[in-house]
Amino acid sequence: MKRIDRFFSTFRRGFSRLMLSSVVLPATLTPVAGPGHPLLSVLSLPKNAEIARDTAFGQGASGAYYFLSPSHPDRLARLSVEHPMGAKDLWRESWSTVTLPPMTDFRVRSAAIGLGHLFLGGERKRGGAVVRSFQIGLDDRGGKASMTLTGLVDFFPDAADVSIRLLFLDRKARILWLGYDSGRVESGLPFVALHDRILWSDPSGYIPFPSETDLAAGPPPLLLPRASLSGGRSCFSCRFYLTGRLRPSGGEIDNLPVRSPRTVGSSMGILPAGQGMGIFLDRRSFLCRIPEVGSPSGISGCRRLIGAALPVAAVWWGNRLVYLFPPGTLDTAHGSRWTIASINPAEIYASVLEKSARTPLDLSSLIRDKGELVFLPEGAHPRKDTLSAFGSDLILFGKSHLYRLMAGS
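Cut-offs used in this document
- Residues numbered from 1 in each chain as written.
- Predicted model: local features only at pLDDT ≥ 70, side-chain atom pairs only at ≥ 80, totals over all residues.
- Heavy atoms only, no water.
- Helix = DSSP H or I, 4+ residues; strand = E, 2+ residues; numbered from the N terminus.
- Buried < 20%, exposed > 50% of the residue type's maximum accessible area, 1.4 Å probe, protein only.
- Contact = heavy atoms within 4.5 Å.
- Areas by Shrake-Rupley, 256 points an atom, 1.4 Å probe, with all protein chains shown as cover.
- Axes fitted to C-alpha atoms, helices over the stretch in contact; angles between N-to-C directions.
- Parallel < 35°, antiparallel > 145°, perpendicular 65-115°, else oblique.
- Left-handed = near helix turned anticlockwise from the far one by under 90°.
- Nonpolar A, V, L, I, M, F, W, Y, C, P; charged D, E, K, R; others polar.
- Salt bridge = Lys/Arg side-chain N within 4 Å of Asp/Glu carboxyl O.
- Disulfide = S-S within 2.5 Å.
- Pairing = 2+ DSSP bridges.
- Phe/Tyr/Trp six-rings, centres within 6.5 Å; stacked < 30°, edge-to-face > 60°.
- Core = buried A, V, L, I, M, F, W, Y, C linked by side-chain atoms within 4.5 Å.
- Arc of directions from axis to C-beta.
- Polar contact = N/O pair within 3.5 Å; in protein donor to acceptor, adjacent residues only side chain to side chain.
- pLDDT = per-residue confidence, 0-100.

1. Details of the overall build of the protein
- The secondary structure content of the protein amounts to three helices and 30 strands.
- By the burial criterion, 50% of the 409 residues in the protein qualify as buried.
- A fraction of 57% describes how many contacts in the protein between residues 6 or more apart in sequence connect residues 24 or more apart.
- Here the protein has roughly 18,600 Å² of accessible surface; of this, 51% comes from carbon and sulfur atoms.

So, in structure tokens, the structure goes:
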């Protein structure tokens, strides 16, 4: 499979120049017509451009997107998309790349990009975890914008026997969260972020955002997680951890162990469902209530999820939840198309309240009946980790396309 780094080498000479493209398609793919409904626009990326499945994705300012492949972490790319002179039927793409310094000293496992920073998480070859931080700058000379990387800082833990699974850049709290590898085999996101707390299937650490960290005495160490119940009691039957989504005052993260029913797992990830609930994707999937920080209760009120299929990604878009569904799951008339579905989470909560505790919930039917569906074009290959919202726009990248939904179009 062609990777994005191959695309970079092909177009390296032209990335510092602006490229005008007028390939926006008419927004006719929305099955629901009328004012106030989102409309889909499709932008083809330059010829031969392909975004790899493992590409780390991030957002900068409005219309700026970053890409880096952990399997080839030597080049960071930035795509800026705008309407030239306000012409809504034209796009202007500005690509730029920057080569990262040689990183022969450690293996990259995860990356997080945004808020003017690039973070790389992994292990040193001689053992031990490390997070490498770069500041991303833009040098605009003669109308040509090019990226620069400055301020390289390495963060190390106090112990060498920890391994970093992923990095999560929390824009709200301005914290870089670290998911430490617990040895579980998982294919989806092992955490779900609520407005005031995060539930993890791995213990977590954190780094305060570097712009607010005094590095005069050197960078602080990566803090190891402390997992214990009140009174210091351990919990051997707890499989999840709860952290408050606030900057810790004492410099230490409390990973509060959380119990869950034996049948509830998260091997395929955890997605938000609103109203303090989460979707736990596993061989048998459930919709459950997540406890609050400081609450003695565990994961509770679980409803078995049934139906044609389950979403593979989710994001908040204003006060609505947006889910990405694989082809052939929500509408048989569009069986070969991926589906973007948005729904008011109050509809999910109302469906939970009106049914008995033992009644399974058909989530796909609920979203089909109460939500709004937008079908991607035939042959689309969306990269689920790029599903994101910025203001009134919902963004999703495919292998060679950018898909944008505009609220209230």
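That covers the picture; the talk isn't over yet.
2. Considering the environment of Asp-385
- Topologically, Asp-385 is positioned in the loop between β27 (372-375) and β28 (388-390).
- Each C-alpha atom of the pair Asp-385 and Phe-57 lies 7.1 Å from the other, and the pair is 328 residues apart in sequence.

3. Focus on the packing of helix α2 (residues 345-354) against helix α3 (residues 363-370)
- Direction vectors running N to C along α2 and α3 enclose 130°, while the axes themselves pass 11 Å from each other. One way to sum up the angle between α2 and α3 is to call them oblique. Remark: the crossing between α2 and α3 carries right-handed chirality. Across from Glu-347, Ile-348 and Ser-351 in α2, the residues of α3 making contact are Leu-363, Leu-366 and Lys-370.
- The residue makeup of the contact of α2 with α3, split by class, is three nonpolar, one polar and two charged.

4. Notes on the pattern of salt bridges
- Per the counting criterion, the structure on display carries 11 salt bridges.
- Between Arg-132 and Asp-154 there is a salt bridge, with the nearest N and O atoms lying 2.8 Å from each other. With a gap of 22 residues between them, Arg-132 in strand β9 (residues 129-141) and Asp-154 in strand β10 (residues 144-155) connect regions that are remote in the sequence.
- Under the relative-accessibility criterion, Arg-132 is labelled buried at 8%.
- As a salt-bridge pair, Asp-202 and Arg-165 come within 2.6 Å of each other at their nearest N and O atoms. Taken as a pair, Asp-202 in the loop between β14 (197-200) and β15 (204-208) and Arg-165 in strand β11 (residues 164-170) lie far apart in primary sequence, 37 residues in all. The pair formed by Asp-202 and Arg-165 is uniform in burial state, with each residue classed as buried.
- Within the structure, one salt-bridge network assembled from shared partners comprises Arg-107, Arg-109, Glu-123, Arg-165, Asp-181 and Asp-202.

5. As for the state of the cysteines
- One pass over the full model with this rule turns up one disulfide.
- With its sulfur 2.2 Å from that of its partner, Cys-288 forms a disulfide with Cys-302. Classification of the bridge connecting Cys-288 and Cys-302 rests on its S-S torsion, roughly 120°, and on that basis the disulfide is right-handed. Taken together, the residues Cys-288 in strand β21 (residues 286-289) and Cys-302 in strand β22 (residues 300-306) connect sequence positions 14 residues apart.
- For Cys-288, a relative accessible area of 0% translates into the label buried.

6. Description of the sheet that holds β21
- Pairing in this open sheet of five strands is mixed, and the strands run β19-β20-β21-β22-β26 from one edge to the other. Looking at the sheet topology across the chains shown, the edges are occupied by β19 (270-274) and β26 (361-362).
- As judged from the four bridges shared by β19 and strand β20 (residues 277-280), these two strands associate in the antiparallel manner. Following the sheet pairing, Gly-274 is matched in β20 by Met-277.

7. Section: unusual backbone geometry
- Non-glycine residue Leu-115 carries a positive phi angle of around 55°.
- The backbone of Gln-275 sits at a positive phi, close to 55°, despite the residue not being glycine.
- The topology assignment puts Gln-275 in the loop between β19 and β20.
- The exposure class assigned to Gln-275 is partly exposed, which follows from its relative accessible area of 40%.

8. Considering the packing of aromatic side chains
- Counted by the stated rule, this structure contains 10 aromatic pairs.
- Ring plane angle 35° and centroid distance 5.0 Å describe the contact between Phe-191 and Trp-200, whose orientation is recorded as tilted. One exposure class covers both Phe-191 and Trp-200, and it is buried.
- Here the aromatic cluster, defined as three or more aromatic residues joined through ring pairs, consists of Phe-57, Tyr-65, Phe-67, Trp-95 and Phe-397.

9. Re the nonpolar core
- Core analysis: the biggest nonpolar cluster contains 21 residues, and Ile-279, Leu-287, Tyr-323, Ile-348 and Ile-367 have the highest contact counts within it.
- Of all the secondary structure elements, the ones that give two or more residues to this core are β19, β20, β24 (320-325), β25 (339-343), α2, α3 and β27.
- Not counting residues up to four positions away in its chain, the partners in contact with Ile-367 are Tyr-323, Phe-325, Ala-341, Ile-343 and Leu-373.

10. Here's the deal with the pairing of β11
- Among the seven residues in β11, seven count as buried, and that is most of the element.
- Adjacent in sequence and paired antiparallel, β11 and strand β12 (residues 175-180) are bridged by four residues, among which Arg-174 carries a positive phi angle near 55°.

11. Some remarks on α2
- Among the residues making up α2, those that are buried are Pro-345, Ile-348, Ser-351 and Val-352. Taken around the axis of α2, the buried residues stretch over an arc of 120°, which confines them to a single face. With respect to the buried face of α2, the exposed residues turned more than 90 degrees away are Leu-353 and Glu-354.
- Regarding α2, its N-cap is Asn-344, as a side-chain oxygen of that residue lies 2.9 Å from the backbone nitrogen of Ala-346 further along.

12. Describing the confidence of the model for the protein
- Mean pLDDT for the protein: 80, with 78% of residues reaching 70 or above.
- This model gives residues 1-36 a pLDDT under 50, and the stretch forms 81 contacts once residues within four places in sequence are excluded.

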